[in-house]
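Chain residues, written in single-letter form:
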Amino acid sequence: MNYQDLISYCQQDWEDYTEHDFVNQLATGDLNKYAFFHYLKQDYLFLKHYARAYALAVFKSSTLAEMREPLPGLNALLESEMNHHIEYCQTWGLSAEEMEAEPEDFGTVCYTRYVLDTGMAGDRTDLFTALAPCAIGYAVVGQRLGQWPETKLEGNPYRSWVELYSGEDYQSGVEETIRRLNAMLEEIPLESKRGHRLCEIFKTATRMEVAFWEQGMKAAQ
Ligand SMILES: Cc1ncc(CO)c(N)n1
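Parameters and conventions
Residues numbered from 1 in each chain as written. Predicted model: local features only at pLDDT ≥ 70, side-chain atom pairs only at ≥ 80, totals over all residues. Heavy atoms only, no water. Helix = DSSP H or I, 4+ residues; strand = E, 2+ residues; numbered from the N terminus. Rg over C-alpha atoms; globule rule 2.2 N^0.38 Å. Buried < 20%, exposed > 50% of the residue type's maximum accessible area, 1.4 Å probe, protein only. Patch = residues over 30% accessible without salt bridge, like charges linked within 9 Å, V, L, I, M, F, W, Y side chains within 5 Å. Areas by Shrake-Rupley, 256 points an atom, 1.4 Å probe, with all protein chains shown as cover. Salt bridge = Lys/Arg side-chain N within 4 Å of Asp/Glu carboxyl O. Lys, Arg positive; Asp, Glu negative; His and termini not counted. Charge placed at Lys NZ, Arg CZ, Asp CG, Glu CD. Axes fitted to C-alpha atoms, helices over the stretch in contact; angles between N-to-C directions. Parallel < 35°, antiparallel > 145°, perpendicular 65-115°, else oblique. Contact = heavy atoms within 4.5 Å. Nonpolar A, V, L, I, M, F, W, Y, C, P; charged D, E, K, R; others polar. Phe/Tyr/Trp six-rings, centres within 6.5 Å; stacked < 30°, edge-to-face > 60°. Lys NZ or Arg CZ within 6 Å of the ring centre and 35° of its normal.

Engineer: Give me the lowdown on the overall build of the protein, citing residues and values where you can.
Structural biologist: Along the backbone of the protein there are 12 helices and zero strands. Taken from the N to the C terminus, the helices and strands of the protein come in the order α-α-α-α-α-α-α-α-α-α-α-α. For 221 residues, the compact-globule estimate of 2.2 N^0.38 gives 17 Å, and the C-alpha radius of gyration of the protein, at 17 Å, lies within 12% of that figure. Counting only C-alpha atoms, the protein reaches 50 × 35 × 30 Å along its principal axes. Residues classed as buried in the protein amount to 49% of the 221 residues present.

Listed below in structure tokens is the structure:
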């Protein structure tokens, strides 16, 4: 099997995630600012736990080459994504300390602990499958918004978000992630108990991504 099989298994959830109103409104600049602010603060907390999950990938590795594999992703997350979030929140008058002190919303707890639990209970492939919708989905969103005729950059308060995820650095990092995931999935038949289990992991994480957009939307109501 390959990563495309994981997406096909949950096609509707995948579209709900990557074509969500939240991202379309981000691209046009029409998203409610409280929705975005809540999302961004929660995403900061989300990324911290995500970094822990990448660190777990080192723990779950056996060879040195495997141990090194999660490092570029971990570095991009802790540096460019986190710095973007911190700098953005600062422009709204929120300090990094205040972001640290923000309480975790339910969707943030559910998603991050699901990924960590899947990785701890399973092996490296289970863990990377649980991590996959995050990286791949945001790359798909970034690519789509980068080409979408309705995307507005000029005067868009969310421009930096669109540029981060449609940018060359993020896109090429995810291409590498996909290549590695495919190499892990190659030997596993889609029509097997193992294949089915991986599809279910990917689907659950994808549903959590939809809930994460919804959690932002709800903050505006
Ligand atoms: C919830 C979520 N999923 C994926 C990404 C992409 O790294 C992110 N920053 N946040």
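Engineer: Explain a negative patch on the surface to me, and be specific about the residues and the numbers.
Structural biologist: On the surface, a cluster of negative charge is contributed by D16, E19, D21 and E214. Overall, E214 belongs to the partly exposed group, its relative accessible area being 39%.

Engineer: Explain the packing of helix α4 (residues 33-59) against helix α12 (residues 193-218) to me, using residue names and the numbers behind them.
Structural biologist: For the pair α4 and α12, the least separation of the axes is 7 Å and the interaxial angle reads 135°. Comparing their axes, α12 and α4 come out oblique. Residues A35, H38, Y39, Q42, D43 and F46 of α4 pack against E209, F212, W213, Q215, G216 and M217 of α12. When grouped by side-chain class, the residues that make up the contact of α4 with α12 number six nonpolar, four polar and two charged.

Engineer: Break down the environment of S8 for me, with residues and values.
Structural biologist: For S8, the position within the fold is in helix α1 (residues 3-9). The exposure class of S8 is partly exposed, given its relative accessible area of 43%. Taking the C-alpha atoms as reference points, S8 and C199, separated by 191 residues in sequence, lie 9.2 Å from one another.

Engineer: Describe the packing of aromatic side chains, and please don't skip the residues or the numbers.
Structural biologist: Scanning the entire structure with this criterion turns up 24 aromatic pairs. Ring geometry for F46 versus Y111: centroids 5.1 Å apart, planes at 40°, classification tilted. One end of the pair, F46, is in helix α4; the other, Y111, is in helix α8 (residues 106-121), with 65 residues separating them in the sequence. The pair formed by F46 and Y111 is uniform in burial state, with each residue classed as buried. Residue placement shows K41 over the ring face of F37; its charged tip is 4.7 Å from the ring centre. Looking at R144, its charged tip hangs above the ring of W148, at a distance of 5.9 Å from the centre.

Read these as geometric descriptors, not functional statements.
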